[in-house]
Amino acid sequence: MTDTPLADDRLIVALDVPNALDGLNMAGRLGDMVSFYKIGLGMLTGGGLALANELKQEHGKRIFLDMKLFDIGNTVEAAVRGLAQYDLDFLTVHGDPHVVRAAKEGAAGKDLKILAVTILTSLERADLDAGLMLPGTVSELVIERAARAFAAGADGIIASPQEAAAIHALPEAAGRLIVTPGVRPAGADLGDQKRVATPANAIADGADHIVVGRPVVRAADPRAAVAAILREMTSPQAIAPNRA
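Residues numbered from 1 in each chain as written. Predicted model: local features only at pLDDT ≥ 70, side-chain atom pairs only at ≥ 80, totals over all residues. Heavy atoms only, no water.

Quick notes on the overall build of the chain
Quick note on the threshold: Helix and strand definitions follow DSSP, with helices as H or I runs of at least four residues and strands as E runs of at least two, each counted in order from the N terminus. A radius of gyration in this sense is built from C-alpha atoms; the matching globule rule multiplies 2.2 Å by the number of residues raised to 0.38. Burial status follows relative accessibility: with a 1.4 Å probe on protein chains alone, a residue under 20% of its type maximum counts as buried, one over 50% as exposed, and anything between as partly exposed. Between two residues, a contact is recorded if the distance between any of their heavy atoms is within 4.5 Å. In this tally, Asp and Glu contribute negative charge and Lys and Arg positive charge; neither His nor the terminal groups of the chain are included. By convention, charge coordinates are those of NZ in Lys, CZ in Arg, CG in Asp, or CD in Glu.
Along the backbone of the chain there are ten helices and eight strands. Here the chain has a C-alpha radius of gyration of 17 Å; the compact-globule value for 244 residues is 18 Å, and the two agree. C-alpha extents for the chain along the principal axes are approximately 50 × 40 × 35 Å. Within the chain, buried positions represent 49% of all 244 residues. Counting only contacts in the chain whose residues sit at least 6 apart along the sequence, the fraction spanning at least 24 positions is 68%. For the chain, the distance from the average site of its 24 positive side-chain charges to the average site of its 30 negative ones is 1 Å.

Next up, the structure:
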């Protein structure tokens, strides 16, 4: 008899490890506890696409490829069309409307969901000032970028847990996904994340999926770390009082 929680597709574990072999080993350690993985740009030269394909085709996992594509429309469309052949589930692009529209063209005919990045969860207002971004609070800019990305056809939005409730309340958000990185279990090291929330709070505020990386893959016992997150996701605090 075991009290190990069952896998929950709402939890996406980011395989923030150096290469595909390490990623495959981590997925093997986590086994049936995790059904959805994120593979990011940092592993692109370490066999990330091969890992995505193996986890999808041979292990039945769902895959979120986090490439954050940004370029002219023709280039984005071609890149997405190529990536869509891997039968992936989610792909990120920057939330600029021309990028979203091109990505949707590239994904046409496939089940690949295009998720638009609003403002990275590692950024705060001072970082936006340095990048010559428009004035306004981070939350205001995230919500405006989310609305524009939805209007351009995005299937979902990447945003911090702190903006999830406001995005969920947008009329344009009906039927769209909200995926939140920057999720940290209580007491976890924040690392380079600045706009964070616990798993329970992120779910309560409207996140459809939460992304957790280092608190799992760098834990002394990754399975125990996942189990704690899964239990928190189904706790009374995660019942969505803040959803519109």
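Topic: the side chain of D66
We apply this condition: Each polar contact in these results corresponds to two N or O atoms within 3.5 Å; when the atoms are within protein, one needs to be able to donate a hydrogen and the other to accept it, and residues that are neighboring in sequence are counted only if both atoms are side-chain atoms.
Looking at the secondary structure, you find D66 in strand β3 (residues 62-69). In terms of polar contacts, D66 uses its side chain to reach the side chain of K38, at 3.0 Å. Here D66 is in contact with K38, I39, G40, L41 and T92, once residues within four sequence places are set aside.

With respect to the sheet that holds β3
Condition: Should DSSP find at least two bridges between two strands, the strands are taken to pair. Axis definition: a line fitted to C-alpha atoms, limited for helices to the stretch in contact. Angles are taken between N-to-C directions and run from 0 to 180 degrees.
Pairing within the closed barrel is parallel, and its eight strands lie in the order β1-β2-β3-β4-β5-β6-β7-β8. Looking at each pair of strands side by side, their axes are set apart by 25 degrees on average, direction ignored. Bridge count between strand β1 (residues 11-14) and strand β2 (residues 36-40): two bridges; the pairing is parallel. Counterpart to A14 in the pairing with β2 is K38.

Regarding the packing of helix α3 (residues 73-84) against helix α4 (residues 97-106)
The axes of two packed helices give the description: the angle between them and the distance between them. Inclusion rule: Crossing chirality is assigned from the near helix's rotation relative to the far helix, an anticlockwise turn below a right angle marking it left-handed and a clockwise turn marking it right-handed.
Packing of α3 against α4 leaves a shortest axis separation of 7 Å and a crossing angle of 40 degrees. The hand of the α3/α4 crossing is right-handed. Of the residues in α4, those in contact with G73, V76, E77, V80, R81 and A84 of α3 are H98, V99, A102, A103, E105 and G106.

What about the pairing of β1?
To keep things clear, this is the line we draw: Handedness of a crossover is defined as follows: orient the strands so they point away from the viewer, and if the path from the first strand over the helix to the second runs clockwise, the crossover is right-handed.
Alternating positions in β1 separate into two faces, L11 and V13 on one and I12 and A14 on the other, with burial throughout. Where β1 and strand β8 (residues 209-212) come together, three bridges link them in parallel fashion. Following the sheet pairing, L11 is matched in β8 by I210. For the handedness criterion, the β-α-β arrangement of β1, helix α1 (residues 20-30) and β2 is classed as right-handed.

Describing the confidence of the model for the chain
Our working rule: pLDDT is defined as a per-residue confidence score from the predictor, taking values between 0 and 100.
Chain-level statistics for the chain give a pLDDT mean of 88 and a share of 90% at 70 or above. Across the chain, α4 holds the top mean pLDDT of 98, while helix α5 (residues 125-130) sits lowest at 81.

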